[in-house]
Number of protein chains: 6
Amino acid sequence: MVTPQKTALVVSAHSADFVWRAGGSIALHVSQGYAVHIVCLSFGERGESAKLWRKGEMTEDKVKDARRTEALAAAEILGATIEFFDIGDYPMRADRETLFRLADVFRRVQPSFVLSHSLKDPYNYDHPLAMNLTQEARIIAQAEGYRPGEKIVGAPPVYSFEPHQPEQCEWRPDVLLDITSVWDRKYAAIQCMAGQEHLWEYYTRVALQRGVQAKRNVGITSARDIVYGEGYQSIFPRVTENLA
Amino acid sequence: MVTPQKTALVVSAHSADFVWRAGGSIALHVSQGYAVHIVCLSFGERGESAKLWRKGEMTEDKVKDARRTEALAAAEILGATIEFFDIGDYPMRADRETLFRLADVFRRVQPSFVLSHSLKDPYNYDHPLAMNLTQEARIIAQAEGYRPGEKIVGAPPVYSFEPHQPEQCEWRPDVLLDITSVWDRKYAAIQCMAGQEHLWEYYTRVALQRGVQAKRNVGITSARDIVYGEGYQSIFPRVTENLA
Amino acid sequence: MVTPQKTALVVSAHSADFVWRAGGSIALHVSQGYAVHIVCLSFGERGESAKLWRKGEMTEDKVKDARRTEALAAAEILGATIEFFDIGDYPMRADRETLFRLADVFRRVQPSFVLSHSLKDPYNYDHPLAMNLTQEARIIAQAEGYRPGEKIVGAPPVYSFEPHQPEQCEWRPDVLLDITSVWDRKYAAIQCMAGQEHLWEYYTRVALQRGVQAKRNVGITSARDIVYGEGYQSIFPRVTENLA
Amino acid sequence: MVTPQKTALVVSAHSADFVWRAGGSIALHVSQGYAVHIVCLSFGERGESAKLWRKGEMTEDKVKDARRTEALAAAEILGATIEFFDIGDYPMRADRETLFRLADVFRRVQPSFVLSHSLKDPYNYDHPLAMNLTQEARIIAQAEGYRPGEKIVGAPPVYSFEPHQPEQCEWRPDVLLDITSVWDRKYAAIQCMAGQEHLWEYYTRVALQRGVQAKRNVGITSARDIVYGEGYQSIFPRVTENLA
Amino acid sequence: MVTPQKTALVVSAHSADFVWRAGGSIALHVSQGYAVHIVCLSFGERGESAKLWRKGEMTEDKVKDARRTEALAAAEILGATIEFFDIGDYPMRADRETLFRLADVFRRVQPSFVLSHSLKDPYNYDHPLAMNLTQEARIIAQAEGYRPGEKIVGAPPVYSFEPHQPEQCEWRPDVLLDITSVWDRKYAAIQCMAGQEHLWEYYTRVALQRGVQAKRNVGITSARDIVYGEGYQSIFPRVTENLA
Amino acid sequence: MVTPQKTALVVSAHSADFVWRAGGSIALHVSQGYAVHIVCLSFGERGESAKLWRKGEMTEDKVKDARRTEALAAAEILGATIEFFDIGDYPMRADRETLFRLADVFRRVQPSFVLSHSLKDPYNYDHPLAMNLTQEARIIAQAEGYRPGEKIVGAPPVYSFEPHQPEQCEWRPDVLLDITSVWDRKYAAIQCMAGQEHLWEYYTRVALQRGVQAKRNVGITSARDIVYGEGYQSIFPRVTENLA
């Protein structure tokens, strides 16, 4: 008998979010044998491509192409598959069709866990929209009455990855993921984002801070040597048989 | 080389709290090989022994004896060791000496995780006091400068177990523990609490509700058959290498 | 002079919600002479009819019929009138027309109080939508400029009834309703819900827990014998001339 | 058979707090036949008697005398009994003896409801202390094991009255009391506070604002003519058989 | 070289909101040389014109005309420019076109700060919608990819002005603006609102209370004589070089 | 006439806290002409001197001496005066005498603003204690009845500086201070803390992240070039005449 491969789903509002915020988690779970699938709802063509626009002679299609290329390269380095919904950004809006499209991805992927944005972000209204869309798609994919006969999904845990200004988003990490073993791959993926070079060092520092904090929460007597981390906030309670 | 036994620490404001609120967790981890140690700060002689007092001809010493006997019996069934600080209840007050006594327990036990009360409880001011005492004792036990030369403790996770009226205590479980395999032992321990028989069915129902909720959060497609549960709220973020 | 009958309005996202969550309140107020009217926004045909779908040979219309029959029977037992908006579930969406339709119900019913769902529910996005729709419809029904000339509504209190996993929905009851006198009727209504038999005992336990808590909040010296309860969370402050 | 008189207890950190914040409630319940008892923990001799101190030639005893006289006059106008614990203010501290003294008042008064300060107040640390002391005293008075044999108290509802800067104290009224019928008496009591004349108009405006808000929450179609109000925040859920 | 004039933007859901809630701020900044521009999303023709509707023989157009006249007069007194989007109220809905229209206002005005409603208001769903629209429009106006080539906006601070029942809206002022010097102008603007005369004294009292509170937060030793105030809640952190 | 020098007060639980968390603010205000005074409640001799204790042959006095030397050097670099209360740490406890001692510092210094710790910190119970002590001392120093005749203090704003794990402390900065111009001095002060070298880079990264965030909240179109920042959370509302 074949054990089915474990899977995970990442829903990214713009085509670079998954790199800064969840790149370590993606690479880590890939290294553990998971098939990780990324959905980019938009390319961030309007709101997160300032450097490209400033070059001049630019069109929305050219920006999208450049962003797609970067995202594909980053996903490949991280070892994940990726698809683009191309629903537009600034503002992002999701109709019923997009919701069903994402619910269908849930059914197809059958993820063991799901990552998306924080539920609040006063700096970026596309981010909470992406998370709410993700959560509602998950709920629909769980319903027997949606496309009856298909295999429904269970109740995979959902996590918010770290927003740009965490405290302003009322985001509080309750999970610190040790990504030390895959940091090189995350940083290589980050370097694909040529249009946002100003963020490379910012997110390197985020990873180092979360690493220090992870070490603190394990205890200084631990043998575990954590250098880089990623923070996550759980939406649902965790079900377990062990509290250590 | 011998692997040291894993351990856990439970701090109970009154001598029956650990049974209703954490009995499943204690029995479960004992069944997994943990040495679980319980500290009862008081016997609940004033505030939680109404039935005994109504018998008449009662003294505080008689009440304490009855409560100690019940707690010892329950701890034995659960497989845990137990000690009594006897600092009084209603009101509970902890001086510096009590704080150090508990810090010393932390150092001696070196727990892998710690359980105590919720941080708020408008029905019972002893409960938050017990939790704050536990947290401050843990912090002191971590400090190199407290009894220098002794082995300090790491950063064991701390959980709040379920209070009597959870929503009024602003308690929200982020962990649901599957205690189905040890429910018989928990219910046997519950039955030691002769003085509070009105709570037996109450906490059986709590366990059944948390069991249903645990099942929901795993997903109905899961093979796992959970019947009884206990809820816990984490104080600190969890450090991990896997999000599933 | 005839005193007009007192009335109440219950807005239920799916056709069974009003039974589990507000059945006691409905029966109790009916027994006090209130005319209670229920609006079911959908039949829960997709999201809350898993057992029916698993029977096979099922269509959405058949599911709706079965659910309508159950809801009608339950409403009759509770003594309430009921109507079905049939706007669909999973996802539920409410357009302007639905909003006005519900505002018109407010005007027609002129309720003394209103019951609907919690404002948050990460397990079910239809529930908060129903509550928000209810609140906005109430606001519109209060406005002189909406269908000018009609009798506007006052400011009836609005309550959230209990969600399935209360703490995860950030729901905190500030009212505990004693439904002991009508429990038989509520349980009879519950038994109409043949498709969700797994919830019968769950909500019986909820009623018993809320009953114990109600008794605690009255005080053990009270003569009042409360066995079954329902919890509610107020949206607006209560106006009164007595604090006891 | 004689029905015992209904009673209420008000715990005031300083000797004028009960007037500004609960004077309407006191007069209203007295007019309904309640025996209302006030405990002033201190005279506010240090922190709330600036005008007296500025007169010069002042001693703490003279300030206390002046404040006692004012408080006695106000209590008489409101129709309540009053006692002074004289435990000092700025800072207020309550030892075990004070706690038991207040618990004994609870047992003696057997209040139907209890009023005290908000749980947070960054402008005045005595206020939260008074509320916490009140709540802990209530808990102790409920315990069979405290002074066994005495009549314990039930579970009277506890309310926070309005602090000076409500939003900064995270205080949110969930009860708006209509004090229109007794406003004259409250304003007469307010005028006893010669040392704090700058607050007379401030608290008149508070009463008018809460009156307007009360009217809004009843609905403009109501016949009820509310002019003056007081806001309260409940600590515990209310147990009832009617939601209108 | 000419220093460009400083500017501010106020987004008002209904045509009178800006007067009650931000009139002092508008007049004050005008007196400091700012060009303040007001956008009224609707005339409040349905929901906030009860007195007009009760006159009889009224149509929506007549109500709008009356409200426009009042708002124009008030804006003139305050010294601000004003425009009307006329998107309707009760319910207010904003489509993509309205969002872009407001984003274009941001680009044109280039405001130094922005004022709109609170993010929650259970009494009025148009208010949070207006604030969310404002915030999303600001975000779009910041994006290089929206109408590329236009001058984008910086990151002007955004404030929520005071709602009618502040605590119920979870609104907490972190800024108290001293409007003493311009109170006459604010009160003159208030008097333009002939249709809502019942609110004149209500908002005078609000201004007096916020004035007293401002004085308290400066300290009684201050020379500054504050009589009237307005409260604001910041959405974003303030960037500064001085903490006094 | 001589304008009195502006002053500020910093209350630090342990002797290094003021460096990591407020060093930039101290140096910045000193450079603006403020006299900044620091109170260190303890030396952090038990809890924050692990490296010293691990050297062996250590006593509490030796640790205190080493820490005093470091703190004096850092204060000198920053340009502030400093005093040591030496009340002990792990656990820190403040009696009435300490409270009055700090109130007397408030009266002597007459600060324009005050800095201390966050109100919550599950990793360190000394920190909230220091902040609560600071706030209560400020309140006492404001009271005419405390040491009558002395000059009382006004209402200086109080800020929480940044804790080690901000989100876990429920700390949210609402002020971002631009410390770019004094970063060199802050980093020089940091280097005095020989015993905690592992924190040097951690707090450099904190300063860089807050700098980036400050820049974002000013807007990318701003000329202002911010590199280093410090975050603060206000306890009280700010009183102002300008919102830009």
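Residues numbered from 1 in each chain as written. Chains lettered and ligands numbered in written order. Predicted model: local features only at pLDDT ≥ 70, side-chain atom pairs only at ≥ 80, totals over all residues. Heavy atoms only, no water.

Chemist: Could you give an account of the pairing of strand 5 (residues 158-161) of chain C, naming the residues involved and the relevant values?
Modeler: Here is the key point about a regular strand: its side chains alternate between the two faces of the sheet. Residues and elements named next belong to chain C. Neither face of strand 5 is open: one carries Val158 and Ser160, the other Tyr159 and Phe161, and all of them are buried. In the sheet, strand 4 (residues 113-116) pairs with strand 5 via three bridges, with the strands oriented parallel. The partner of Leu115 across the bridge, within strand 5, is Tyr159. With helix 5 (residues 126-141) bridging strand 4 and its parallel neighbour strand 5, the resulting β-α-β unit is right-handed. With three bridges joining them, strand 5 and strand 7 (residues 229-234) adopt antiparallel strand pairing. If you follow Tyr159 over to strand 7, its bridge partner there is Ser234. (Buried < 20%, exposed > 50% of the residue type's maximum accessible area, 1.4 Å probe, protein only. Helix = DSSP H or I, 4+ residues; strand = E, 2+ residues; numbered from the N terminus. Pairing = 2+ DSSP bridges. Right-handed = clockwise from strand over helix to strand, strands pointing away.)

Chemist: So, the relation of the copies chain A and chain F: which residues are in play, and what are the values?
Modeler: Under the fitted operation, chain A is carried onto chain F by 0.0 Å of movement along the axis and a turn of 180 degrees, and the coordinates agree to an RMSD of 0.0 Å. Put plainly, the chains are arranged around a two-fold axis. A share of 100% of interface residues in chain A that are also interface residues in chain F marks the association as one of identical surfaces. (Least-squares fit on C-alpha atoms with pLDDT ≥ 70 in both. Contact = heavy atoms within 4.5 Å.)

Chemist: Lay out the interface of chain A and chain F in plain terms, naming residues and giving numbers.
Modeler: A common way to express how large an interface is: the accessible area buried when the components associate. Of the residues lining the interface, 23 residues belong to chain A; the matching set on chain F comes to 23 residues. Roughly 2100 Å² is buried in total at the junction of chain A and chain F, and carbon and sulfur atoms are behind 42% of that figure. Our count for the contact surface shared by chain A and chain F stands at two salt bridges. Between Arg210(F) and Glu167(A) there is a salt bridge; the shortest N-O distance is 2.6 Å. Linking chain A to chain F there are 16 residue pairs in polar contact (both at pLDDT 80 or more). The biggest single contributor to the side of chain A that touches chain F is helix 7 (residues 200-218) of chain A, with 10 residues. Its residues assigned to classes, the side of chain A that touches chain F comprises 10 nonpolar, seven polar and six charged. (Buried area = accessible area lost by both parts, 1.4 Å probe. Salt bridge = Lys/Arg side-chain N within 4 Å of Asp/Glu carboxyl O. Polar contact = N/O pair within 3.5 Å; in protein donor to acceptor, adjacent residues only side chain to side chain. Nonpolar A, V, L, I, M, F, W, Y, C, P; charged D, E, K, R; others polar.)

Chemist: Could you give me a rundown of the pattern of salt bridges, with the residues and numbers involved?
Modeler: Between side chains of opposite charge, a pair can form as their charged atoms come close. Evaluated as defined, the whole model comprises 90 salt bridges over all chains. Each of Glu162(A), Arg210(A) and Glu167(F) takes part in a single network of salt bridges with overlapping partners.

Chemist: If you had to explain helix 6 (residues 183-190) of chain D to someone new, which residues and values would you point to?
Modeler: Residue and element names in this part refer to chain D. If you check which residues of helix 6 are buried, you get Trp183, Lys186, Ala189 and Ile190. All buried residues of helix 6 fall inside an arc of 125 degrees around its axis, so they share one side. The inward-facing, buried residues of helix 6 abut helix 1 (17-31), helix 3 (60-78), helix 7 (200-218) and strand 7 (229-234). (Arc of directions from axis to C-beta.)

Chemist: Describe the sheet that holds strand 1 (residues 7-12) of chain D, and please don't skip the residues or the numbers.
Modeler: With respect to topology, eight strands assemble into an open sheet ordered 8(C)-6(D)-7(D)-5(D)-4(D)-1(D)-2(D)-3(D), the strand pairing being mixed. One side of each edge strand has no neighbouring strand; the edge strands of this open sheet are strand 8 (238-240) of chain C together with strand 3 (81-84) of chain D. Each neighbouring strand pair of the sheet contributes to a mean axis angle of 25 degrees, computed without reference to strand direction. Relative to strand 4 (residues 113-116) of chain D, strand 1 of chain D runs parallel, the two sharing three bridges. Opposite Ala8(D), over in strand 4 of chain D, you have Phe113(D) as the bridge partner. Across the sheet, helix 3 of chain D lies against strand 2 (35-40) and strand 3 of chain D, angled at about 160 degrees from strand 3 of chain D, the strand it touches most. (Axes fitted to C-alpha atoms, helices over the stretch in contact; angles between N-to-C directions.)

Chemist: Kindly report on the relation of the copies chain A and chain B, identifying the contributing residues and their values.
Modeler: For the match of chain A to chain B, the screw axis carries a shift of 0.0 Å, the RMSD comes to 0.0 Å, and the turn is 180 degrees. Both copies share a contact surface, since 100% of the interface residues of chain A are interface residues in chain B too.

Chemist: Just give me the short version of the state of the cysteines, but keep the residues and values in it.
Modeler: The tally for this structure, following the rule as stated, stands at zero disulfides over all chains. Cys40(C) carries a free sulfur, and the closest cysteine sulfur to it, the one in Cys192(C), is 13 Å from it. (Disulfide = S-S within 2.5 Å.)

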